[in-house]
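# Chains, contacts and geometry: an overview
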Amino acid sequence: VAAHQLRSRLEPFVLRRTKEDVARELPERTEQVIECDLSALQRRLYRGIAEAARRDVIAHLDGEGGIEGATVHVLAALTRLRQVCAHPGLIVPEYVDEPEASGKFDAFLETVEEVLSGGHKVLVFSAFASMLKIMRAALQKREIPLGYLDGSTKDRDRQAEVERFMSAQGPPVFLCSLKAGGVGLTLTAADYVIIYDPWWNPAVERQAID
């Protein structure tokens with residue numbers, strides 16, 4: 001009821017276009033969750049960060065800051081845990097080139113190679129620009145052409161990267177940060193989308209995929 005009332009108030013001021021309105025040729029979306037285990041290195045780092053965060057939060061709860069002071073430390077710990085799950089190299093740069101450092105990253109590379117072997121193009125989103133850079137280095141090492149876009153990409157370069165990917169002879173992989181690419185891009189050359197790590201707001205993910 002509340003959602004309907006809010007929608008009725010906003011409709012006169014907000015133009016909302018759905019995928020069905022502007023791109024009817026696109027097929028229905030099929031989603032697949034790929035599960036994988038943490039590497040031994042990831043498990044050690046995860047447990048260490050979680051335990052340190054627990055002690056830190058308890059100390060702030062018992063101190064003058066109270067629950068408000070602890071909230072910032074909880075969010076910081078959650079971000080670090082997300083980074084460990086993505087790749088330990090985001091926390092400890094020396095682990096970037098460590099073989100089998102990330103079970104998730106190994107699964108990602110296998111998935112990309114499988115998609116490309118079928119002649120498809122894939123759009124890859126990550127919330128961390130530093131994760132995109134790790135991906136770029138690994139794909140370049142495998143001599144896989146790619147496009148790239150994050151928050152630091154200038155407007156003129158952004159458009160050039162999009163046009164290059166959309167061309168018939170363009171690269172089969174496009175790496176993009178969720179924040180920079182979730183809105184205002186049309187990349188219909190890709191028939192696969194990989195969300196490498198979840199964003200805080202699921203609506204941003206849905207917008208990016210659509």
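Please read these numbers as outputs of a predicted model, since none were measured by experiment.

With that out of the way, let us pick up the environment of Leu 109. Within the secondary structure, Leu 109 sits in helix H5 (residues 103-117). Excluding residues that lie within four positions of it along the chain, Leu 109 makes contacts with Ala 138, Leu 139 and Arg 142.

Our focus in this paragraph is the packing of aromatic side chains. The relative placement of two aromatic rings is captured by the distance of their centres and the angle of their planes. All told, the structure shown has three aromatic pairs when counted by the stated rule. Both rings, one in Phe 108 and one in Tyr 196, keep their centres 5.5 Å apart while their planes meet at 85 degrees; by these two values the pair is edge-to-face. A residue pair is termed long-range when its members are at least 10 positions apart, and Phe 108 in helix H5 and Tyr 196 in the loop between strand S4 (192-195) and helix H9 (202-209) qualify at 88 residues. Taken individually, Phe 108 and Tyr 196 each receive the classification buried, so the pair is uniform in this respect. What links up through ring pairs into an aromatic cluster is the set Phe 105, Phe 108 and Tyr 196. When the ring centre of Phe 165 is taken as reference, the NZ or CZ atom of Lys 121 above it lies at 4.8 Å. In this arrangement the basic side chain of Arg 136 is found over the ring face of Tyr 148, its NZ or CZ atom lying 4.2 Å from the centre.

This part is about the sheet that holds strand S1 (residues 122-126). Sheet architecture is open: four strands sit in the order S2-S3-S1-S4, paired in parallel fashion. This sheet does not close on itself; its edge strands, each paired only once, are strand S2 (146-149) and S4. Across the sheet, the axes of successive neighbouring strands diverge by a mean angle of 15 degrees, strand direction being ignored. Pairing geometry for S1 and S4, over four bridges, is parallel. Its bridge partner lying in S4, Leu 123 is registered against Val 193. Contacting S1, S2 and strand S3 (173-177), helix H6 (residues 129-141) crosses the sheet at an angle of about 165 degrees to S2.

The residue Lys 121 is located in the loop between H5 and S1 in this model. Notably, Lys 121 is buried but unbridged: the nearest opposite-charge side chain belongs to Asp 191, and the N-O separation is 9.0 Å. One polar contact links the side chain of Lys 121 to the main-chain carbonyl oxygen of Ser 167, over a distance of 3.1 Å. Among residues more than four places away in sequence, those in contact with Lys 121 are Phe 165, Ser 167, Gly 170, Pro 171, Pro 172, Ala 189, Ala 190, Asp 191 and Tyr 192.

Inspection of the secondary structure assignment puts Ser 102 in the loop between helix H4 (66-86) and H5. At a separation of 2.9 Å, a polar atom in the side chain of Ser 102 contacts the main-chain carbonyl oxygen of Ala 86. Excluding anything up to four places from it in sequence, Ser 102 contacts Ser 39, Gln 42, Cys 85, Ala 86, His 87, Pro 88 and Tyr 196.

Attention now goes to the pattern of salt bridges. For the structure shown, the criterion picks out five salt bridges. Note that Arg 55 and Glu 51 form a salt bridge whose closest N and O atoms lie 3.5 Å from each other. With Arg 55 and Glu 51 both in helix H3 (residues 40-62) and four residues apart, the pair spans about one turn of that helix. We note a salt bridge from Glu 161 to Arg 164, for which the minimum N-O separation is 3.4 Å. Of this pair, Glu 161 and Arg 164 are both found in helix H7 (residues 155-166), three residues apart, which corresponds to roughly one turn of the helix. Classification of Arg 164 as partly exposed rests on a relative accessible area of 36%. In this structure, a network of salt bridges that share partners links the residues Glu 51, Arg 54 and Arg 55.

With that out of the way, let us pick up H5. With 15 residues, H5 should reach 21 Å at 1.5 Å per residue; the first-to-last C-alpha distance of 21 Å fits that figure. Looking only at H5, the buried set comprises Gly 103, Phe 105, Ala 107, Phe 108, Leu 109, Thr 111, Val 112 and Val 115. Where H5 ends, the next residue or the one after it, Gly 119, has phi of about 80 degrees, a positive value.

Reading guide: rules and limits
Residues numbered from 1 in each chain as written. Predicted model: local features only at pLDDT ≥ 70, side-chain atom pairs only at ≥ 80, totals over all residues. Heavy atoms only, no water. Helix = DSSP H or I, 4+ residues; strand = E, 2+ residues; numbered from the N terminus. Contact = heavy atoms within 4.5 Å. Phe/Tyr/Trp six-rings, centres within 6.5 Å; stacked < 30°, edge-to-face > 60°. Buried < 20%, exposed > 50% of the residue type's maximum accessible area, 1.4 Å probe, protein only. Lys NZ or Arg CZ within 6 Å of the ring centre and 35° of its normal. Pairing = 2+ DSSP bridges. Axes fitted to C-alpha atoms, helices over the stretch in contact; angles between N-to-C directions. Lys, Arg positive; Asp, Glu negative; His and termini not counted. Salt bridge = Lys/Arg side-chain N within 4 Å of Asp/Glu carboxyl O. Polar contact = N/O pair within 3.5 Å; in protein donor to acceptor, adjacent residues only side chain to side chain. Expected span 1.5 Å × (residues − 1).

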